[in-house]
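Residues per chain are reported as follows:
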Amino acid sequence: MTSKETRESFKKFFESKEHRIVPSAPMVVKDDPTLMFTNAGMNQFKDIILGNQPAKYKRVADSQKCLRVSGKHNDLEEVGHDTYHHTMFEMLGNWSFGDYFKKEAIEWAWEYLVDVLKLDSARLYATVFEGSPEEGLERDNEAAQIWAQFLPADRIINGNKKDNFWEMGDTGPCGPCSEIHIDLRSQEERDKVDGLTLVNQSHPQVIEIWNLVFMQYNRKADGSLEGLPAKVIDTGMGFERLCMALQGKISNYDTDVFQPIIKEIGKITGNTYGEDEQKDIAMRVIADHIRTISFSITDGQLPSNAKAGYVIRRILRRAVRYGYTFLGQKQAFMYKLLPVLIESMGDAYPELIAQKDLIGKVIKEEEDTFLHTLETGIRLLDKTMSEAKAAGKEIVSGKDAFTLYDTFGFPLDLTELILRENNLEVDLAEFNAEMQQQKDRARNAAAVETGDWVVLKEGSSVFVGYDFPEYDVQILRYREVKQKNKTLYQLVLDYTPFYAEGGGQVGDVGTLTSEYETIHIVDTKKENNLAVHIANKLPEHPEAPMRAQVDLEKRIASAANHTATHLLDEALREVLGTHVEQKGSLVSSEGLRFDFSHFQKMTDEEIRKVEHLINAKIRANIPLTEHRSIPISQAKELGAIALFGEKYGDEVRVIQFGTSIEFCGGIHANSTGNIGMIKILSESSIAAGVRRIEAITGAKVESMMDAIQDTMVELRALFNNAPDLTTTIRKYLEENAGLKKQVEDFMKEKQTLLKDKLKKNMEEVNGVKVIRYMGPIPVETIKNIAFQLRGEITENFFFVAGSIEVDKPLLTVMISDDLVAKGLNAGQLVREGAKLIQGGGGGQPHFATAGGKNLDELPGAMRKILELANL
Ligand code: SER
């Protein structure tokens, strides 16, 4: 069975069991502070499982793109080295939300694997949770009994909390699980060693393929477990592993999911898979990582220096590095794998096709930058190695290895490899200590302590903000959140007029007022689908009825900026082309920022054109048409623009202003006229193929115009109301440049005249040729004179000056080398002199200067210097 057929057969099977097939959620998570990436099929159902949201369908199945590279589930280091772990993988899953439970879940899993897919039942094992006395949990006898219908008792294996109690993260839904493992070894090997002994022992061919989780608990922040409102089935089957079993392979990378990519890597780099283990590892790493990176970019997560973007950047660098070291790739090459990836996955994931130009550009630029860094790092390492060798050391400092890792993205194993080739080692203890310190720093900076919810009233939260800017509400629950010594409170309301940050638009601010008090809401954010209101203070009477009021002035300004953003999106497509895709957006009461895919800098003319198009639409005062909730198919028929990487339900909201039609949940102006006017302030690049526009609207444009006009009026007045300001200013600038040149010439002349005069006034004291000067002269000039004199009088020469530039005194001492050799030191002398003029300075034994504050003492300071020098 091909991988495509396998994916389809899973969906068909669960459809026949009355499951609703839903699309994969984006791999990059936007509204869950506990997750950066989707790490399991159940993520998109978290709210339903926790009871925050009703389930629309009680039975659901899908194939979900997952990424396990951070947090609780992180497989990154294994990837490539073994044959069955991946960063990105697809998870086939079926769910029951308060409907069927263990019996059906187990029976259907068996039916699908054995009756439908015809996997050999003699090669299957099931694990069940052995219980955990410290958590007060018993062995899952129920699951074991159901398995006993299909499997002999010795193939039902007890598993511990680590393997058989599944948790999404440190907090959240969890429960005992039962895993199905398969033994893919040859008959001969199986006869020698019983598969039973290899389950959960990291054997590459005796592996878990399907995990059936019986969700019953929510892990709270204090570590305790509370029961879920309804029991949930959450199953997850590794798609790539299933394909391996069905295609009779012993490595995920030998299936049709990866082979085309591996072959292409071989072609591009001139290697054959299967000949050399080191090279095979590199090829597996690259084949795995190219999928992860490409899918992240389509989901809107570009490589960057922070958070999720940094994780993606590191994955890309890991692949480049393997290519560099083991496959000899000194030039960017990963971007060339895109066509093959698209050929094999583009059908199931059309977003790859739609964004292929952008993905290619981003990957190529990242590769180029990193290869450059890699070269610099290698040079640095060469230096460290020769220093160590010169010092007769065999161990290189762990600090250096850490700098290479941290600043140059050099993984430790690469540093070790290169060192080993040179008979050197890294001080590992020191490296680990540095690493730990960095982790601690990061943890302390990011540490957020979230308390558990205090529930005042059960119920879900209803958003009424599209229609009402204020509403009578009640607090349902609240909790405390601590970050960086700051305590905030999060409140959930039964009804809320507050818009929670989303779709680029910032969250509303405003107040909650009861008969006792007024609480300020400083922000509103979304956690999954829950609107969370953030306050600096907890109400003293949280249970009292309250009036929730949104700050209308800010809301109206944000709404106008959101509408302007839609018009900008449309105008950019019109002026630049339909390749323009939104890549990020920030809309607040202050202005708007819009990131979009486009491959070169916009010209001034294009920017003007975009502004004019938008301003014309603003003047046309086009009214808002809101399609509050329409089927997604109808939205598509309308031609509405959807965003990649956004999760849409069956019903969507569509915002239309004439020809501008977009999927959008944000707050908008009633008509385009409310925007007033738009002005683009800047257009710049933020990453390969991604540009950023910053703009302001309405009253902000007005203030900017006022400021510009005021400046113009002032400038005109300064230039005697000259009619053509540009020509006048240009003339002044030219004149000024001419004058500057003249002044410089005069100064040079003066310098020579003064130097000659000083030389004539030279005195002989104790056999030393002494020259002194006091008077107003620029610092640079006196310095030049001192050096010229020293060049001309090479022996027995002593120069001291007390010069003044504007009102600052400066002492300068210059001495010929023979006097220095006799013990005179210009640095020491000026320091002594400087004490008198309340200043300080220094320099070298033959030349030094010191500035000060007290002009009156300048003659005294000069006398002191001469005295100290015995002159
Ligand atoms: N949540 C479980 C897992 O990710 C089953 O889907 O393994």
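Structure: above.
Residues numbered from 1 in each chain as written. Predicted model: local features only at pLDDT ≥ 70, side-chain atom pairs only at ≥ 80, totals over all residues. Heavy atoms only, no water.

Enquirer: Summarise the overall build of the protein; cite the residues concerned and give the values.
Expert: Assigned secondary structure in the protein consists of 25 helices and 37 strands. Computed over C-alpha atoms, the radius of gyration of the protein comes to 36 Å, more than 25% over the 29 Å expected from 2.2 N^0.38 for 871 residues, which places it beyond the range of a compact globule. When the backbone C-alpha atoms are referred to their principal axes, the protein occupies close to 115 × 75 × 55 Å. The buried share among the 871 residues of the protein stands at 51%. Of the contacts made within the protein by residues no fewer than 6 positions apart, 68% connect residues no fewer than 24 positions apart. Taken as a whole, the protein presents about 41100 Å² of accessible surface, with 50% of it coming from carbon and sulfur. In the protein, 105 side chains carry a positive charge and 131 a negative one; their mean positions are 4 Å apart. (Helix = DSSP H or I, 4+ residues; strand = E, 2+ residues; numbered from the N terminus. Rg over C-alpha atoms; globule rule 2.2 N^0.38 Å. Buried < 20%, exposed > 50% of the residue type's maximum accessible area, 1.4 Å probe, protein only. Contact = heavy atoms within 4.5 Å. Areas by Shrake-Rupley, 256 points an atom, 1.4 Å probe, with all protein chains shown as cover. Lys, Arg positive; Asp, Glu negative; His and termini not counted. Charge placed at Lys NZ, Arg CZ, Asp CG, Glu CD.)

Enquirer: Mind laying out the site of the ligand, listing which residues take part and the relevant values?
Expert: Around the ligand, the surrounding shell consists of Ala40, Met42, Arg68, Met91, Trp166, Asn211, Val213, Asp234, Thr235 and Gly236. Thr235 places a main-chain nitrogen or oxygen 3.3 Å from an oxygen atom of the ligand. About the coverage of the ligand: the protein hides 97% of its 230 Å² of free accessible area. Going through the elements one at a time, β10 (206–219) and β11 (225–238) are the ones with two or more residues in the shell around the ligand. Among the elements that make up the shell around the ligand, the one with the highest residue count is β11 (three residues). (Near = heavy atom within 4 Å. Polar contact = N/O pair within 3.5 Å; in protein donor to acceptor, adjacent residues only side chain to side chain.)

Enquirer: Explain the packing of helix α9 (residues 277–298) against helix α13 (residues 356–390) to me, using residue names and the numbers behind them.
Expert: One can describe the packing of α9 onto α13 by two numbers: an axis separation of 10 Å at closest approach and a directional angle of 120°. With respect to α13, the axis of α9 lies oblique. Every pair of crossing elements has a handedness; the one defined by α9 and α13 is right-handed. Counted together, Ile290, Ile293, Ser294, Ile297 and Thr298 of α9 and Leu358, Ile359, Val362 and Ile363 of α13 form the full contact between these two elements. Tallied by class, residues from the contact of α9 with α13 come to seven nonpolar, two polar and no charged. (Axes fitted to C-alpha atoms, helices over the stretch in contact; angles between N-to-C directions. Parallel < 35°, antiparallel > 145°, perpendicular 65-115°, else oblique. Left-handed = near helix turned anticlockwise from the far one by under 90°. Nonpolar A, V, L, I, M, F, W, Y, C, P; charged D, E, K, R; others polar.)

Enquirer: Break down helix α24 (residues 826–836) for me, with residues and values.
Expert: Three- or four-residue spacings in an α-helix give side chains the same orientation, since the helix completes a turn every 3.6 residues. Those residues of α24 that fall on the buried side of the exposure criterion are Ala826, Gly827, Leu829, Val830, Gly833 and Ala834. Buried residues of α24 fall within an arc of 160° about the axis and therefore sit on the same side. Sitting at the head of α24, Asn825 places a side-chain oxygen 2.8 Å from the backbone nitrogen of Gly827. Looking one or two places after α24, you find Gln838, whose phi comes out positive at around 55°. (Arc of directions from axis to C-beta.)

Enquirer: So what's going on with the sheet that holds strand β29 (residues 660–663)? Which residues, and what values?
Expert: Spatial strand order, β27-β28-β29: three strands in an open sheet with antiparallel pairing. Whereas interior strands pair on both sides, the edge strands pair on one side only; in this sheet they are β27 (625–631) and β29. Between one strand axis and the next, the sheet turns through 25° on average, direction left out of account. As paired elements, strand β28 (residues 651–657) and β29 share four bridges and run antiparallel to each other. Counterpart to Ile655 in the pairing with β29 is Glu662. On top of the sheet, helix α17 (residues 552–576) reaches β28 and β29; it is set at about 110° to β29, its chief contact. (Pairing = 2+ DSSP bridges.)

Enquirer: Any chance you could break down a nonpolar patch on the surface for me, citing the residues and the numbers?
Expert: Where nonpolar side chains cluster on the molecular surface, the patch consists of Met677, Met705, Ile708 and Met712 and spans about 320 Å² of accessible area. As for its placement among the helices and strands, Ile708 is situated in helix α20 (residues 698–718). (Patch = residues over 30% accessible without salt bridge, like charges linked within 9 Å, V, L, I, M, F, W, Y side chains within 5 Å. Salt bridge = Lys/Arg side-chain N within 4 Å of Asp/Glu carboxyl O.)

Enquirer: Lay out the nonpolar core in plain terms, naming residues and giving numbers.
Expert: Inside soluble globular proteins, nonpolar side chains tend to come together where they are buried. Residues Leu113, Leu119, Trp147 and Trp210 are the most contacted members of the largest nonpolar core, which totals 115 residues. In contact with Trp147, not counting residues within four places along its chain, are Ile106, Trp110, Ala126, Val128, Ile156, Ser178, Ile180 and Leu212. Residues Ala564, Phe596, Ile607 and Cys664 belong to the second largest nonpolar core, which totals 26 residues. (Core = buried A, V, L, I, M, F, W, Y, C linked by side-chain atoms within 4.5 Å.)

Enquirer: Mind laying out the packing of aromatic side chains, listing which residues take part and the relevant values?
Expert: Counted by the stated rule, this structure contains 29 aromatic pairs. A ring pair is formed by Phe402 and Phe431, whose centres lie 5.9 Å apart and whose planes are at 65°; its orientation type is edge-to-face. Of the two residues, Phe402 sits in helix α14 (residues 398–408) while Phe431 sits in helix α16 (residues 428–446), which places them 29 residues apart along the sequence. Taken individually, Phe402 and Phe431 each receive the classification buried, so the pair is uniform in this respect. (Phe/Tyr/Trp six-rings, centres within 6.5 Å; stacked < 30°, edge-to-face > 60°.)

Enquirer: Residue-level account of the side chain of Thr255, with values.
Expert: With respect to the element layout, Thr255 can be found in the loop between α7 (239–246) and α8 (259–269). What Thr255 contacts, discounting residues up to four positions off in sequence, is Glu240, Cys243, Met244, Gln247 and Lys249.

Enquirer: Got a sec to walk through unusual backbone geometry? Specific residues and values, please.
Expert: The phi dihedral of Glu18 is positive, around 60°, even though this residue is not glycine. Tracing the sequence through the fold places Glu18 in the loop between α1 (3–16) and β1 (20–21). Positive phi outside glycine occurs at Asn870, with the angle close to 65°. Note on placement: Asn870 falls in the segment after α25 (858–868). Judged by its relative accessible area of 59%, Asn870 falls in the exposed class.

Enquirer: Explain the side chain of Gln490 residue by residue, including any values.
Expert: Tracing the backbone through its elements, the reader meets Gln490 in strand β19 (residues 486–493). What Gln490 contacts, discounting residues up to four positions off in sequence, is Trp453, Arg477, Tyr478, Arg479, Val481, Glu527, Val532 and His533.

Enquirer: Break down the pattern of salt bridges for me, with residues and values.
Expert: According to the stated counting rule, one finds 52 salt bridges in the structure shown. Asp120 serves as the salt-bridge partner of Arg123, at 3.7 Å between the closest nitrogen and oxygen. Between Glu590 and Lys700 there is a salt bridge whose closest N-O contact spans 3.3 Å. Of the two residues, Glu590 is situated in the loop between β25 (582–587) and β26 (592–597) and Lys700 in helix α20; the sequence distance between them amounts to 110 residues. For Lys700, a relative accessible area of 34% gives the class partly exposed.

Enquirer: With reference to specific residues and values, describe the state of the cysteines.
Expert: Summed over the entire model, instances satisfying the criterion amount to zero disulfides. Lacking any disulfide linkage, Cys66 is separated from the closest cysteine sulfur, that of Cys243, by 15 Å. Judged by relative accessible area, Cys66 falls into the buried class, the value being 0%. Residue classification places Cys243 among the buried residues on the basis of a relative accessible area of 0%. (Disulfide = S-S within 2.5 Å.)

Enquirer: Kindly report on the pairing of strand β6 (residues 124–129), identifying the contributing residues and their values.
Expert: The element β6 is extensively covered by neighbouring structure, given that six of its six residues are classed as buried. Burial along β6 is two-sided: Leu124, Ala126 and Val128 facing one way and Tyr125, Thr127 and Phe129 facing the other are all buried. Relative to strand β9 (residues 172–183), β6 runs antiparallel, the two sharing four bridges. Within β9, the position partnered with Thr127 by the bridge is Glu179. Between the parallel pair β6 and strand β7 (residues 156–159), the chain is carried across by helix α4 (residues 141–147), and the sense of this crossover is right-handed. (Right-handed = clockwise from strand over helix to strand, strands pointing away.)

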